[in-house]
Amino acid sequence: TRRIILDCDPGHDDAIAMLLAHGNPDVELAAVTTVAGNAGIEAVTRNALAVARIAGITGVPFAAGAGRPLVRSVEYAPDIHGDSGLDGPVLPEPTFDVDPRGAVQLIIDTVMASEPGEITLVPTGALTNIALAARIEPRIVPRVREVVLMGGGVHVGNWNATSEFNIVIDPEAAHIVFNESWPLTMVGLDVTHQALATAEVRERIAAVGTRPAVFVGELLDFFGATYLASQGFASPPVHDPVAVAYVIDPSVLEVVKAPLDVELAGTLTLGMTVADLRRPAPRTARPRCRCASTSVASGISWSTRSHRSATP
Ligand code: BDR
Ligand code: CA
């Protein structure tokens, strides 16, 4: 069983990621931390606690994190997630409160109290908390088994032409996280735009009939409508659970090792995750990171397998 810290901004797909992490026996939630992104920090934290109640998650510490990016002004995504960050379902009142230490200290304490290599960080929002934790307690970096994040993409964007929301809203934090020495796998838009909640997927979820299944149906009704209206998707891409699915079963995605960095200086490309896929790799290139993909990039057939269980 892999122990993970889910650092999220629920968020319809973040909520589904949390349900998957809680419901699958091969991963265990060591902590859940929140970060501003899809909505403000109070809203996404409340949403996280409501999802915990629906899922029946108990005994796992939840903590609220950064309310704004390191450098930039805060940006939310109401066109996709509504003003609350989780519009659609009626949310229950939380049954427990957040950990008073806050997200950054909880991440540090959880990693330092665990065996080296035990904890995998799974960020599904902006990387603000993870960057702060790495700076405040650098000893966490070699103790973390891996960072498996949803964000970025190999040369595909959604918030601007080149850049994905989680990365571009706090590019400086992403730059810190991508340049630390821990192993990092980027599960980006090129993969998650193929993890679609089609009518068939939604029927299968509805057939389960449990409270969480009904909740996921309500989430996907709202998420599907906003994705159709704002980005023209016939079925919504369910990004965040794909990162959790990869931790559960790495064979669901093809990954390649490649130098990967975050653009901080571009006027048109701020927040772009730049993957160097040249082959043979240039001598100076340091391939530390891995990008997950199911696509073919730059004429290099560097991945082919489709997501086997990446849909919810
Ligand atoms: C990412 O942005 C958020 O709106 C989603 O929750 C996901 O983490 C996709 O770009
Ligand atoms: Ca998210």
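Source: prediction; values computed, not measured.

Q: Tell me about the overall build of the protein, and name the residues and values.
A: For the protein, the count of helices and strands is 12 helices and 10 strands. What you see for the protein is a C-alpha radius of gyration of 18 Å, in line with the 20 Å of a compact globule of 312 residues. In terms of principal-axis extent, the alpha carbons of the protein reach across some 55 × 45 × 40 Å. When the 312 residues of the protein are sorted by exposure, 57% land in the buried category. Excluding contacts between residues fewer than 6 apart, the proportion of contacts in the protein whose partners are at least 24 apart in sequence is 81%. With the model as given, the accessible surface of the protein reaches about 12300 Å², and the carbon-plus-sulfur share is 53%. Here the protein contributes 23 positive and 34 negative side-chain charges, whose respective centroids are spaced 8 Å apart.

Q: Pulling in residues and values, what's your account of the side chain of T33?
A: Secondary-structure assignment places T33 in strand 2 (residues 27-34). In this structure the side chain of T33 is engaged in a polar contact, spanning 2.6 Å, whose partner is the side chain of D7. The residues touching T33, leaving out its near neighbours within four places in the chain, are I5, L6, D7, C8, A63, A103, L106 and I107.

Q: Mind laying out a nonpolar patch on the surface, listing which residues take part and the relevant values?
A: Among the surface-exposed residues, L70, V71, L132 and I136 lie close enough to one another that they form a single nonpolar patch of about 330 Å² accessible area. Within the secondary structure, L132 is located in helix 5 (residues 128-136).

Q: Which residues make up the site of ligand 1, and what are the values?
A: By nearness alone, every residue bordering ligand 1 is listed as D13, D14, N38, H81, T124, M150, N158, E164, F165, N166, H239 and D240. D13 has a polar side-chain atom sitting 2.6 Å from an oxygen atom of ligand 1. In the model, an oxygen atom of ligand 1 is placed 3.1 Å from a nitrogen or oxygen of the T124 main chain. Contact with the protein chains hides 97% of the accessible area of ligand 1, taken as 280 Å² for the molecule alone. Class assignment for the residues of the shell around ligand 1 results in 2 nonpolar, 6 polar and 4 charged.

Q: How would you summarise unusual backbone geometry if you had to cite specific residues and measurements?
A: It is generally the case that most residues other than glycine have a negative phi and that most peptide bonds are trans. With an omega of -5°, the peptide bond running from P10 to G11 counts as cis. Relative to the helices and strands, G11 resides in the loop between strand 1 (2-8) and helix 1 (12-23). The linkage connecting R279 with the following residue, P280, adopts the cis geometry, with an omega of -5°. For P280, the location among the structural elements is in the loop between strand 9 (273-275) and strand 10 (289-293). Residues other than glycine seldom take positive phi values, yet H155 does so here, at roughly 60°. With respect to the element layout, H155 can be found in the loop between strand 5 (146-150) and helix 7 (165-168). Judged by its relative accessible area of 40%, H155 is partly exposed.

Q: Which residues make up helix 2 (residues 41-55), and what are the values?
A: Under the 1.5 Å per step criterion, the end-to-end length of helix 2 is 21 Å for 15 residues, consistent within 8% with the ideal 21 Å. Burial within helix 2 is extensive, with 11 of its 15 residues counted as buried. Where helix 2 is concerned, the buried positions are I41, V44, T45, N47, A48, L49, A50, V51, A52, I54 and A55. Where the residues of helix 2 are buried, they touch helix 1, strand 2, strand 3 (62-64) and helix 11 (211-231). G56 sits one or two positions beyond helix 2 and adopts a positive phi of about 75°.

Q: Could you give me a rundown of the pairing of strand 5, with the residues and numbers involved?
A: Across the 5 residues that make up strand 5, a large majority, 5, are buried. The alternating pattern of strand 5 places E146, V148 and M150 on one face and V147 and L149 on the opposite face, and all of these are buried. The sheet contact formed by strand 5 and strand 6 (residues 184-187) spans 4 bridges and is parallel. Bridge pairing in strand 6 places M150 opposite V187.

Q: Describe the environment of G65, with residues and values.
A: Note on placement: G65 falls in the loop between strand 3 and helix 3 (78-81). Between the C-alpha atom of G65 and that of A103, which follows or precedes it by 38 residues, the distance is 4.4 Å.

Q: Report on the environment of V168, specifying residues and quantitative values.
A: Residue position: V168 is located in helix 7. Given the relative accessible area of 8%, V168 is considered buried. In this structure V168 touches W159, N160, S163, L270 and G271, once residues within four positions along its chain are discounted.

Q: So what about the confidence of the model for the protein? Which residues, and what values?
A: Averaged over all residues, the pLDDT of the protein is 92; the fraction at 70 or higher stands at 93%. Scored below 50 in pLDDT, residues 295-312 shows 49 contacts in the model against residues more than four places distant or in partner chains. Across the interfaces of the predicted complex, the ipTM metric reaches 0.99, alongside a pTM of 0.93.

What counts, and at which threshold
- Residues numbered from 1 in each chain as written.
- Chains lettered and ligands numbered in written order.
- Predicted model: local features only at pLDDT ≥ 70, side-chain atom pairs only at ≥ 80, totals over all residues.
- Heavy atoms only, no water.
- Helix = DSSP H or I, 4+ residues; strand = E, 2+ residues; numbered from the N terminus.
- Rg over C-alpha atoms; globule rule 2.2 N^0.38 Å.
- Buried < 20%, exposed > 50% of the residue type's maximum accessible area, 1.4 Å probe, protein only.
- Contact = heavy atoms within 4.5 Å.
- Areas by Shrake-Rupley, 256 points an atom, 1.4 Å probe, with all protein chains shown as cover.
- Lys, Arg positive; Asp, Glu negative; His and termini not counted.
- Charge placed at Lys NZ, Arg CZ, Asp CG, Glu CD.
- Polar contact = N/O pair within 3.5 Å; in protein donor to acceptor, adjacent residues only side chain to side chain.
- Patch = residues over 30% accessible without salt bridge, like charges linked within 9 Å, V, L, I, M, F, W, Y side chains within 5 Å.
- Salt bridge = Lys/Arg side-chain N within 4 Å of Asp/Glu carboxyl O.
- Near = heavy atom within 4 Å.
- Nonpolar A, V, L, I, M, F, W, Y, C, P; charged D, E, K, R; others polar.
- Expected span 1.5 Å × (residues − 1).
- Pairing = 2+ DSSP bridges.
- pLDDT = per-residue confidence, 0-100.

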